Amino acid sequence: MTPRRIVPLLLAAFLLIGTAGQAQAAGYRYWSFWDRDGAKWVYATQGPSMAHPSDGDVQGFRFAVSENSGDAAQPRGTADFASICAKTPAEDGTKRVALVLDFGTAPDAPSGETPPAPRTACARVSPDATTADALAAVAGPLRYNTTALLCAIAGYPKSGCGEQVSRTEKKQDSTAAPEAAEDKGDEDGPSIGPYAGIAVVAALAGAATWQARRRRNATR
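What you are looking at is a predicted structure, and each value in this text was computed from that prediction instead of being measured.

A. Here's a closer look at the pairing of strand β3 (residues 58–66). Burial of β3 is extensive: nine of the nine residues sit out of reach of the surface. What you see with β3 is no split at all: V58, G60, R62, A64 and S66 on one side and Q59, F61, F63 and V65 on the other are buried throughout. Examined bridge by bridge, β3 and strand β4 (residues 95–102) share five bridges and lie parallel to one another. By the bridge assignment for β4, Q59 is matched with L99.

Structural data, given as structure tokens:
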């Protein structure tokens, strides 16, 4: 093995460490917030406590495990204001906001919890009400953390708030019993992936040292 071949292998090993760590991360378990723009959902640029929807707006919430806003799962089901608010007549001095509440799927649910079925609701609130006000009017109880992050809608989930989830844990949540899923989580230490990468680097470095010594002995 020549030094020219060893260097690319070392670089490849360092890349292996990075990709191994990334492969373990599935993202964060949280409620994402969406605005309906015509026929499509758009990830909201404000939190529900800051957004002030207008009469006739449709907004959605989806509970899922996502890495970021780019891969976040969108709310499912009916998203038409006329359908959602058909039984909620307009009243002077109020506004109506259609809400789509998607509690997600079993693989994204915390251990031991079952997501409720998706549903819609029409909130009739004061003209200056925020989305959080509308949500509280039709989908309580809500739960927030100390930084005002929305943690639960209609009491779901019972605990947790934006926690990081590994791919292993996500798989266990969907296939194993709740007790097994809790016991086998990988939060107590690093995954084997980075250690495997470190072992490769050590092996390659050892090979480089051995080769260098061999070359020096050959020249004596």
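B. Structural context of the pattern of salt bridges. For the structure on display, the rule yields five salt bridges. With a shortest N-O distance of 3.7 Å, K40 and D37 are connected by a salt bridge. Accessibility expressed as a relative area gives 48% for K40, which makes it partly exposed. One connected set of salt bridges, linked through shared partners, spans R62, R76 and D102.

C. Layout of the confidence of the model for the protein chain. Counting all residues, the mean pLDDT for the protein chain is 77, and 64% of those residues have values of 70 or more. Here residues 5–23 scores under 50 on pLDDT; set against residues more than four positions off or in separate chains, the count is 24 contacts. In this model residues 173–210 is a low-confidence stretch, pLDDT under 50, and it forms 40 contacts with partners more than four residues away in sequence or in other chains.

D. Looking closely at the state of the cysteines. Applying the stated rule across the entire model yields two disulfides. With its sulfur 2.0 Å from that of its partner, C85 forms a disulfide with C122. Residues C85 and C122 share a disulfide whose torsion about the S-S bond is about 100°; that sign makes it right-handed. Of the two residues, C85 is situated in the loop between α2 (81–84) and β4 and C122 in strand β5 (residues 119–125); the sequence distance between them amounts to 37 residues. Here the two residues C85 and C122 agree in accessibility, since each one is buried. Here C151 pairs with C161 through a disulfide, and the sulfurs are 2.0 Å apart. An S-S torsion of about -75° defines the bridge between C151 and C161 as left-handed. Residue C151 is located in strand β7 (residues 150–152), and its partner C161 is located in the loop between β7 and β8 (164–166); the two are separated by ten residues in the primary sequence. Classification of C151 by relative accessible area gives buried; the value is 3%.

E. Looking closely at the nonpolar core. Core analysis: the largest hydrophobic core is formed by 20 residues, its most contacted members being W31, F61, L99, L101, L135 and I153. Those elements giving two or more residues to this core turn out to be β1 (25–37), β3, β4, β5 and α3 (131–138). Here the element with the most residues in this core is β4; it accounts for three residues. Apart from the residues lying within four places of it in its own chain, the contact partners of I153 are W31, F61, L101, F103, L135, A139, P141 and L142. The next biggest cluster of nonpolar side chains, apart from the first, holds twelve residues, and it includes Y30, W41, A79 and I84.

Reading the values: the criteria
- Residues numbered from 1 in each chain as written.
- Predicted model: local features only at pLDDT ≥ 70, side-chain atom pairs only at ≥ 80, totals over all residues.
- Heavy atoms only, no water.
- Buried < 20%, exposed > 50% of the residue type's maximum accessible area, 1.4 Å probe, protein only.
- Helix = DSSP H or I, 4+ residues; strand = E, 2+ residues; numbered from the N terminus.
- Pairing = 2+ DSSP bridges.
- Salt bridge = Lys/Arg side-chain N within 4 Å of Asp/Glu carboxyl O.
- pLDDT = per-residue confidence, 0-100.
- Contact = heavy atoms within 4.5 Å.
- Disulfide = S-S within 2.5 Å.
- Core = buried A, V, L, I, M, F, W, Y, C linked by side-chain atoms within 4.5 Å.

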